[in-house]
Amino acid sequence: MKGHKIINDPVHGFINIDDELLLRIVDHSWIQRLRSIRQLGMTNLVYPGAQHTRYAHALGAMHLMETAIQTLTNKGVIISEEEARACKAAMLMHDIGHGPFSHVLECTIVKDVSHEDISLILMERMNKEFDGALQLAIDIFKGNNCKRFLHQLISSQLDTDRMDYLKRDSFYSGVIEGSIGSERIIKMLNVANDELVVEAKGIYSIENFLIARRLMYWQVYLHKTVIVAERMLIKILTRAKELAMSGKELFASPALHYFLYNDINAESFKSDESISKFTLLDDSDILTSVKTWISSNDQTLSHLSKAFTNRDLFKIEISRQPFAPHRIQLLKEAISKKMNIAPDEMEYFLLSGQVSSKTYTVGYDRINIMFSPTYICDISEASDMLNLQALGNVDRRFYICYPKEVDE
């Protein structure tokens, strides 16, 4: 078949793409850029196998979307070819706005612009380039004027995005507790009153899905080493931005240089130049720059860059309660004495904050279990095993990070 592409994915097996529009999207440079952005950022510092990319995730999510649509149409749910194509296109593009190391970029060199905002901006740009062929995909992505269950397949508490990344991240990290039966879940999907539901036979797969999500957050996504590495990289880029805005010349790729030396916010990001520079950024821009900054004349930037590059990470302490002000003050005094750090630079050597996760939000965009066409209820009511009220609570933990030398 002309234009037919088969991709061998280690997670889902063979992924077939035989639609001209989808092939054009896959081959677009903005999608290809995702090959150079790791899905899990710095998680490979803990799990060496976690080297997979957002490109592979986009393909996997599209594949699961195709499987879900086939399942629903086989059960009599009306989904047109145009809607099916649009849903798959939306999954290919849903992560297009991620920058290198994702949320690190949002916290440092770009202000008040989330990757979701950037994804929509880029989708709209691509839609113009594709002469409006992506409009339905964008509408479904945004939940505008579409069948609700189609939007739920893209964005909900049980969407094809989460189903792919949980299974993929578990596979590559080797954390088997995060493995889910995505095929089983999809085969149990149905639609009732324009809402996505799970047939009662799939309830145990949903319970496993929620438990796996909770375990993956604390074992992988919010692992203590990942937290400290990410916070150190944030401080490195924050320091580089501070130096750049003060006029100090730093090594950086042209794309990174643009964001370091310009004050980019939500409005200015929409400019052609900002879009052009952003779509050239990937992990290599950051990693190469950080490695080069080891030789910087600025001792703060140099120290942080060397520690990060050599994986000589700060020590991290995690608590379920906020750290006492007295404890923070003692650490500041120890850092100042041991490392001769000025008070105005203390923020780069004593990092503190909190992280949180929430497994399931009861009553919001529910995961509905269908026992019969007339009896449908929330998983929190249907499950006789899970305490979903507890899983619905925000699990918050506090951290402080500081150089290991201080603890010697």
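Preceding this section is the structure that the text describes.
Remember, it's a predicted structure, so these values are computed and weren't measured experimentally.

Asks: Go over helix α15 (residues 283–292) with me, naming the residues and quoting the values.
Replies: Those residues of α15 lying buried are D283, D285, I286, S289 and V290. For α15, the angular spread of the buried residues around the axis is 165°, confining them to a single face. In this structure, the buried residues of α15 make contact with α12 (224–245), α13 (254–260) and α16 (299–309).

Asks: Please give an account of the sheet that holds strand β8 (residues 375–378) that cites residues and values.
Replies: Read across the sheet, four strands follow the order β3-β4-β7-β8 without closing on themselves; strand pairing throughout is mixed. Both outer strands of the open sheet, β3 (189–192) and β8, are each paired with one neighbouring strand and no more. Taking the axes of each pair of neighbouring strands and ignoring which way they run, one obtains an average angle of 45° across the sheet. Packing against the sheet, helix α3 (residues 54–74) makes contact with β3 and β4 (195–199), and its axis sits at approximately 55° to β3.

Asks: Talk me through the packing of aromatic side chains; I want residue IDs and the actual numbers.
Replies: Under the definition given, this model contains eight aromatic pairs. Summarising the aromatic geometry, the rings of Y165 and Y221 are spaced 6.1 Å apart at their centres and angled 80° between planes, so their arrangement reads as edge-to-face. Of this pair, Y165 sits in helix α9 (residues 160–173) while Y221 sits in helix α11 (residues 203–221), and the two are 56 residues apart along the sequence. For the pair shown, Y165 and Y221 are each scored as buried. With 5.3 Å between their ring centres and 25° between their planes, F371 and Y375 make a pair best called stacked.

Asks: Which residues make up the pattern of salt bridges, and what are the values?
Replies: Within this structure, the stated rule accounts for 24 salt bridges. Here D365 makes a salt bridge to R148, at a shortest N to O gap of 3.1 Å. Separated by 217 residues along the polypeptide, D365 in the loop between β6 (351–357) and β7 (368–372) and R148 in helix α8 (residues 148–154) bring together distant segments of the chain. Residue class for R148 comes out partly exposed when judged on its relative accessible area of 34%.

Asks: Lay out the packing of α9 against α11 in plain terms, naming residues and giving numbers.
Replies: Relative orientation of the contacting elements α9 and α11 amounts to 50°, with a least axis distance of 11 Å. For the element pair α9 / α11, the angle class is oblique. Between α9 and α11 lies a crossing whose hand is left-handed. Touching R162, M163, Y165, L166, D169, S170 and S173 of α9 are F209, A212, R213, M216, Y217, V220 and Y221, all from α11. Residues that form the contact of α9 with α11 fall into these classes: nine nonpolar, two polar and three charged.

Asks: Explain the packing of helix α6 (residues 115–129) against helix α7 (residues 135–142) to me, using residue names and the numbers behind them.
Replies: Axis separation between α6 and α7 bottoms out at 9 Å; the angle between their running directions is 160°. What the angle tells us is that α6 and α7 run roughly antiparallel. α6 and α7 meet at a crossing whose hand is left-handed. Residues L120, M123, E124 and N127 of α6 form the contact with α7, whose participating residues are Q135, I138, F141 and K142.

Asks: Quick one: what's the story with the pairing of strand β2 (residues 13–17), residue by residue and with numbers?
Replies: Relative to β2, strand β1 (residues 5–9) is paired through five bridges, and the arrangement is antiparallel. Following the sheet pairing, I7 is matched in β2 by I15. Between the antiparallel neighbours β1 and β2 lie three residues.

Asks: Before we move on, could you go through the sheet that holds strand β5 (residues 315–319) and cite the residues and values that matter?
Replies: In space, the three strands of this open sheet follow the order β5-β9-β6, with antiparallel pairing throughout. In this open sheet, the two strands that pair with only one neighbour each are β5 and β6. Along the sheet, successive strands turn relative to each other by an average axial angle of 25°, direction set aside. Note: β6 against strand β9 (residues 395–402), seven bridges, orientation antiparallel. Within β9, the residue paired with S356 across the bridge is R396. The strands that α12 touches are β5, β6 and β9; relative to β6, the one it contacts most, it runs at about 130°. In the packing of helix α17 (residues 325–339) onto the sheet, contacts are made with β5 and β9, and the angle to β9 comes to roughly 25°.

What counts, and where the lines are drawn
- Residues numbered from 1 in each chain as written.
- Predicted model: local features only at pLDDT ≥ 70, side-chain atom pairs only at ≥ 80, totals over all residues.
- Heavy atoms only, no water.
- Buried < 20%, exposed > 50% of the residue type's maximum accessible area, 1.4 Å probe, protein only.
- Helix = DSSP H or I, 4+ residues; strand = E, 2+ residues; numbered from the N terminus.
- Arc of directions from axis to C-beta.
- Contact = heavy atoms within 4.5 Å.
- Pairing = 2+ DSSP bridges.
- Axes fitted to C-alpha atoms, helices over the stretch in contact; angles between N-to-C directions.
- Phe/Tyr/Trp six-rings, centres within 6.5 Å; stacked < 30°, edge-to-face > 60°.
- Salt bridge = Lys/Arg side-chain N within 4 Å of Asp/Glu carboxyl O.
- Parallel < 35°, antiparallel > 145°, perpendicular 65-115°, else oblique.
- Left-handed = near helix turned anticlockwise from the far one by under 90°.
- Nonpolar A, V, L, I, M, F, W, Y, C, P; charged D, E, K, R; others polar.

Just distances and angles here, no functional claims.
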